Amino acid sequence: MVGLRAALLAWFDRNARALAFRFERDPDPWAVLVSEVMAQQTQVARVAEKWLAFMGRFPTPAALASAPTGDVIRAWQGLGYNRRAIDLQRAARAIVLAGGRVPEDIDSLQALPGVGPYTARAVAAIAFGRPVGAVDVNVRRVLGRLTGADPAAAPQREMQAAADALVDPARAGDWTHALMDLGATICRPARPECDACPVRTWCSFAGVAGVRPNPAPGRRGAVPFEATTRWLRGRIVGRLCGVPPGTTVTFDGPLGLHAPEAVSAALASLAADGIVELDAVGAARLAGEQA
DNA sequence: GTCCGGCAAG
DNA sequence: CTTGCTGGAC
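Residues numbered from 1 in each chain as written. Chains lettered and ligands numbered in written order. Predicted model: local features only at pLDDT ≥ 70, side-chain atom pairs only at ≥ 80, totals over all residues. Heavy atoms only, no water.

Mind laying out the overall build of chain A, listing which residues take part and the relevant values?
The helix and strand tally for chain A stands at 13 helices and two strands. In terms of overall dimensions, chain A has C-alpha extents of about 65 × 50 × 30 Å along its principal axes. Within chain A, buried positions represent 45% of all 291 residues. In chain A, of all internal contacts separated by at least 6 residues, the share reaching a separation of at least 24 is 64%. For chain A, the exposed surface amounts to about 14,900 Å²; the carbon and sulfur share of it is 55%. In chain A, which carries 32 positive and 27 negative side-chain charges, the distance between the mean positions of the two groups comes to 4 Å. (Helix = DSSP H or I, 4+ residues; strand = E, 2+ residues; numbered from the N terminus. Buried < 20%, exposed > 50% of the residue type's maximum accessible area, 1.4 Å probe, protein only. Contact = heavy atoms within 4.5 Å. Areas by Shrake-Rupley, 256 points an atom, 1.4 Å probe, with all protein chains shown as cover. Lys, Arg positive; Asp, Glu negative; His and termini not counted. Charge placed at Lys NZ, Arg CZ, Asp CG, Glu CD.)

Report on the packing of helix H9 (residues 137-147) against helix H10 (residues 156-166), specifying residues and quantitative values.
Between two packed helices, what matters for the description is the angle formed by their axes and the separation of those axes. It is the contact of H9 with H10, at a shortest axis distance of 10 Å, that shows an interaxial angle of 80°. As the angle between them shows, H9 and H10 are arranged roughly perpendicular. Along the contact surface, H9 presents Arg140, Leu143 and Gly144, while H10 presents Gln156, Met159, Ala163 and Leu166. Across the contact of H9 with H10, the residue classes tally to four nonpolar, two polar and one charged. (Axes fitted to C-alpha atoms, helices over the stretch in contact; angles between N-to-C directions. Parallel < 35°, antiparallel > 145°, perpendicular 65-115°, else oblique. Nonpolar A, V, L, I, M, F, W, Y, C, P; charged D, E, K, R; others polar.)

Which residues make up the environment of Val263, and what are the values?
By secondary structure assignment, the location of Val263 is in helix H13 (residues 260-272). For Val263, a relative accessible area of 1% gives the class buried. Linking Val263 and Ala161, residues 102 residues apart in sequence, is a C-alpha distance of 45 Å. If near-sequence neighbours (up to four positions away) are discounted, Val263 is found in contact with Leu232, Ile236, Phe251, Gly253, Pro254, Leu255 and His258.

Account for helix H2 (residues 29-38), naming residues and giving values.
Within H2, nine of the ten residues are buried, leaving the element largely enclosed by the surrounding structure. Where H2 is concerned, the buried positions are Trp30, Ala31, Val32, Leu33, Val34, Ser35, Glu36, Val37 and Met38. Those residues of H2 that are buried lie in contact with helix H3 (44-57), helix H4 (61-65), helix H5 (69-76), helix H6 (82-97) and helix H8 (117-128). The N-terminus of H2 is capped by Asp28, whose side-chain oxygen sits 3.1 Å from the backbone nitrogen of Trp30. (Polar contact = N/O pair within 3.5 Å; in protein donor to acceptor, adjacent residues only side chain to side chain.)

Describe in detail H13, supporting the description with residues and values.
Taking 1.5 Å of rise per residue, the 13 residues of H13 would be expected to cover 18 Å, and the 18 Å separating its terminal C-alpha atoms lies within 8% of that figure. Of the surrounding secondary structure, the elements contacted by the buried residues of H13 are helix H12 (229-241), strand E1 (276-278) and strand E2 (284-286). Just downstream of H13, Gly274 is the residue with a positive phi angle, here 80°. (Expected span 1.5 Å × (residues − 1).)

Describe the packing of aromatic side chains, listing the residues and the values that go with them.
As enumerated under the stated definition, the model contains three aromatic pairs in all. With a centroid separation of 6.2 Å and 70° between ring planes, the pair formed by Phe21 and Trp51 is classed as edge-to-face. Of this pair, Phe21 sits in the loop between helix H1 (2-15) and H2 while Trp51 sits in helix H3, and the two are 30 residues apart along the sequence. Note on Phe21: relative accessible area 8%, which makes it buried. (Phe/Tyr/Trp six-rings, centres within 6.5 Å; stacked < 30°, edge-to-face > 60°.)

So, the protein's contact with DNA strand C: which residues are in play, and what are the values?
In the neighbourhood of DNA strand C, the contacting residues comprise Gln43, Arg46, Gly78, Gly80, Tyr81, Asn82, Arg83, Thr229, Arg230, Arg233 and Gly234. In DNA strand C, the atoms that sit within 4 Å of the protein are 52% sugar and phosphate, with bases accounting for the remainder. Within the side chain of Arg83, a nitrogen or oxygen atom sits 3.0 Å from a base nitrogen of DNA strand C. Here a phosphate oxygen of DNA strand C and a side-chain polar atom of Arg233 are 2.2 Å apart. Going through the elements one at a time, H6 and H12 are the ones with two or more residues in the surface near DNA strand C. Sorting elements by how many residues they give to the surface near DNA strand C places H12 first, with four residues. Grouping the amino acids of the surface near DNA strand C by side-chain chemistry returns one nonpolar, six polar and four charged. (Near = heavy atom within 4 Å.)

Quick one: what's the story with the domain arrangement of chain A, residue by residue and with numbers?
Interface size, as often reported, equals the accessible area lost upon joining of the parts. In terms of domains, chain A is made up of domain 1 (2-209) and domain 2 (225-286). The gap between the C-alpha centroids of domain 1 and domain 2 is 32 Å. On the side of domain 2, 14 residues touch domain 1, which itself brings nine residues to the contact. Of the roughly 820 Å² buried where domain 1 meets domain 2, counting both sides, 61% is carbon and sulfur surface. Among the residues of domain 1 in contact with domain 2, Ile73, Arg74 and Arg83 are the three that bury the most area, contributing 55% of the side total. (Domains from an automatic or database assignment. Buried area = accessible area lost by both parts, 1.4 Å probe.)

Printed below as a string of structure tokens:
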């Protein structure tokens, strides 16, 4: 165990990806929380740029908590999943009500809107040095190959226990980054570079098994993206972001492939998510912006 | 076409 | 347990 930790951390010290939201030491917990929420289902390279601008605009929980929601949605453009922006602002407001500091323990972190098992542990480890393992798809794959378990079948509890057991308590934050960097650059889903892997001598997968092809993709391309609700929602929000703050836009008639009823339904769901507000006649504007 | 440093709600 | 949510890079 000790050998594996030392080997991976030594590799990390030389090969860490240079990402804007990483800190040498003394990380700002708020900055870490923002970066981890942005990274949910979003590739880290794209997060980095958006994160810089977002932190400049909302450097503290208080700054985000008091901002018009429309400003937050605009700052989120390009990241997708706008509900995360709404949840992050709600989390900021909860943090402010609780004294203004990002909580350190997993339970309190996970009680924040938009913060689940992964994000709570990532923040606890990276921002506060807690010896807990953050298990995302990446880490799940790496641990699965290391131990010989099937990542798709292993219960979350077992993966979590394995991840917790492996963490180097002296460098919990670096350990978290190291595992994810390994998964992103060496232990990739397809064609892993086992020859270059710093922990191959401990791995049950390296050099032995061929890479299993991913499970059948199913019929994914059957529906064109323009026909999905996601496309429609994105189109509506994009339109509202492009208009001066507080301006209302009326969406009558079809939009792309979508009938007027579908557009209304999308507006209603966006309103339910707190992303847009609808006035009495059904005109829409970004949430939290006055006319 | 695939894959993202997930989460909440049903 | 399953589903919806986004957008870009490769």
